[in-house]
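Chain by chain, the residues run as shown.
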Amino acid sequence: MSKNLTKKILVTGATGQIGSELVPELKKIYGKENVVLGIHKRKNVDDLEDSPSTVIDVTNKNLIEDAVQEFDIDTIYHLAAILSAAGEKDPWLAWKVNIDGTYNVLEVAREKKLVKVFCPSSIAAFGPDTPRVNTPQITVMNPKTMYGLSKVTGELLANYYFYKFNVDVRGLRYPGIISNKTLPGGGTTDYAVEIFYEAIKNKKYVCFLKSDTVLPMMYMPDCIKATLNLMDAEIQSLRYHSDYNVAAMSFSPDDLFKEILKIIPDFKIYYNPDHRQKIADSWPQSLDDSSARKDWGWKPDFTLSEMVKDMINVLSKKITI
Ligand code: SER
C-alpha cells in the first residue's frame with residue numbers, strides 16, 4: 001500500500017478548467033519534468049511547452065497504459081470528464097468517457113501497481129431524493145443525470161478498487177468550481193463563471209438558472225488546495241476514499257449578482273432559465289463536509305465576497321474591452 005511516494009504524475013484532462021490550474025501547482029511541488037499532461041486533442045496551451053505531454057483518449061485503455069509505461073508514471077490525476085449539461089446532450093459519450101474512462105484508469109492503476117490515483121466526483125452524484133440542505137456524507141444518492149450516474153458509479157468503483165485491490169484511489173465531490181484561467185464547458189454551474197466575463201465586458205448577463213437557485217460552489221484556489229491536501233493525507237486517517245463531501249460557499253445567482261453589484265454598480269442581470277434548471281433543482285444546496293474537516297483537515301479560504309473581489313480583480317486585467 002502506498003505512502004507519499006509520488007514521483008511522476010499523469011494528469012488526464014490536463015488542459016480543462018481544473019487541470020489547467022492543478023498542473024502548475026503539481027509542477028511546483030514535483031518538478032515540471034515530472035508532470036505529464038494528458039490531453040485529448042493537441043491544443044495551444046502555455047503549459048505544454050515546458051512539460052512532457054501525450055495525447056490521451058481515456059476511452060482507449062492502451063493509450064493510458066502506453067503513457068504510464070513511456071513516462072514511468074506512478075500517480076494519475078484523472079480529470080477528463082463530460083460535465084452535466086453536455087452529458088444530457090450526449091449521454092452515450094458521457095457514459096463512455098466518464099464510466100469506461102474511469103474504469104480504464106483504475107484498471108491501469110491496478111495492473112501497473114500505481115502509488116495513487118485521484119478520481120473526482122461531484123455534487124451531481126446526488127439527486128432529488130437526497131436531503132438538499134447540509135447534505136450528509138452518506139445519504140440517498142439516486143442522481144437523475146448521466147453525469148451524476150457516472151460519478152456515483154466512479155465513486156463505487158474506485159472504493160471497490162481500494163478495498164479489493166489495494167489501489168490507493170481518492171476523490172472529492174467537487175461543488176461548482178469558479179475560476180478565471182480556463183472556462184468550464186458543458187456544466188450546470190458554469191453560469192457562476194460566465195457571469196464575471198459578461199459583467200466586466202458587457203455589464204449585463206442573461207442567467208440560465210432561476211435567481212433563487214442555491215448551489216454549493218468553490219473558488220479554484222480552494223479546489224486545488226482540497227485536491228492536494230486529500231492526496232497528501234495519511235491513508236490511516238481516511239475513513240472514506242473516493243467520495244469526500246467538500247464545501248466552501250453556497251449561493252444563488254441573485255446572491256452572486258448582489259455581490260458583483262458592490263464592485264460593478266451598473267451591472268444588470270436577466271433570467272431565462274433553460275434545461276439546466278432541472279439539473280440544478282436535483283442537486284444539493286449545501287453540503288456537510290465535517291468528515292473531510294475531521295479526517296484530513298479540510299478548511300476553505302475563500303468566502304463569497306472574497307472570491308468575487310478576486311475574480312473581478314484578475315479578470316479586469318485579463319479582459320480587454
Ligand atoms: N460543475 C459541474 C457541472 O455543472 C458539477 O460537478 O456539471
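Residues numbered from 1 in each chain as written. Predicted model: local features only at pLDDT ≥ 70, side-chain atom pairs only at ≥ 80, totals over all residues. Heavy atoms only, no water.

Asker: Help me get a handle on the sheet that holds strand β4 (residues 75-78), residues and values and all.
Answerer: Taken in spatial order, the six strands line up as β3-β2-β1-β4-β5-β7 in an open sheet, and their pairing is parallel. A strand with exactly one partner marks an edge of an open sheet, and here the two such strands are β3 (53-55) and β7 (169-170). (Pairing = 2+ DSSP bridges. Helix = DSSP H or I, 4+ residues; strand = E, 2+ residues; numbered from the N terminus.)

Asker: Give a detailed account of the pattern of salt bridges, specifying residues and quantitative values.
Answerer: Per the counting criterion, the structure on display carries 13 salt bridges. For E111, the salt bridge goes to K61, with nearest N and O atoms at 3.0 Å. Residue E111 is found in helix α4 (residues 91-111), and its partner K61 is found in helix α2 (residues 61-71); the two are separated by 50 residues along the sequence. Of the charged contacts, one joins R276 and D274 as a salt bridge, the two residues approaching to 2.6 Å between their closest N and O atoms. A relative accessible area of 17% places R276 in the buried class. Connected through salt bridges with shared partners, the residues K61, E65, E107, R110 and E111 form a single ionic network. (Salt bridge = Lys/Arg side-chain N within 4 Å of Asp/Glu carboxyl O. Buried < 20%, exposed > 50% of the residue type's maximum accessible area, 1.4 Å probe, protein only.)

Asker: Before we move on, can you summarise the pairing of strand β2 (residues 35-39) with the specific residues and values?
Answerer: Extensive coverage of β2 is indicated by the burial of five of its five residues. With burial as the criterion, each face of β2 is covered, one bearing V35, L37 and I39 and the other bearing V36 and G38. With helix α1 (residues 19-30) bridging strand β1 (residues 9-12) and the parallel β2, this β-α-β connection has right-handed handedness. Relative to β3, β2 is paired through three bridges, and the arrangement is parallel. Paired with I39 across the bridge in β3 is V55. (Right-handed = clockwise from strand over helix to strand, strands pointing away.)

Asker: With reference to specific residues and values, describe the site of the ligand.
Answerer: Taken together, L83, S84, S122, Y147, G187, T188, T189 and W283 form the complete shell of residues around the ligand. For the ligand, an oxygen atom lies 2.6 Å from a polar atom in the side chain of S122. At a separation of 3.2 Å, an oxygen atom of the ligand approaches a polar side-chain atom of Y147. Computed on the free molecule, the ligand has an accessible area of 230 Å², of which 93% lies beneath the protein chains in the complex. A breakdown of the residues in the shell around the ligand according to their chemical character gives three nonpolar, five polar and no charged. (Near = heavy atom within 4 Å. Polar contact = N/O pair within 3.5 Å; in protein donor to acceptor, adjacent residues only side chain to side chain. Areas by Shrake-Rupley, 256 points an atom, 1.4 Å probe, with all protein chains shown as cover. Nonpolar A, V, L, I, M, F, W, Y, C, P; charged D, E, K, R; others polar.)

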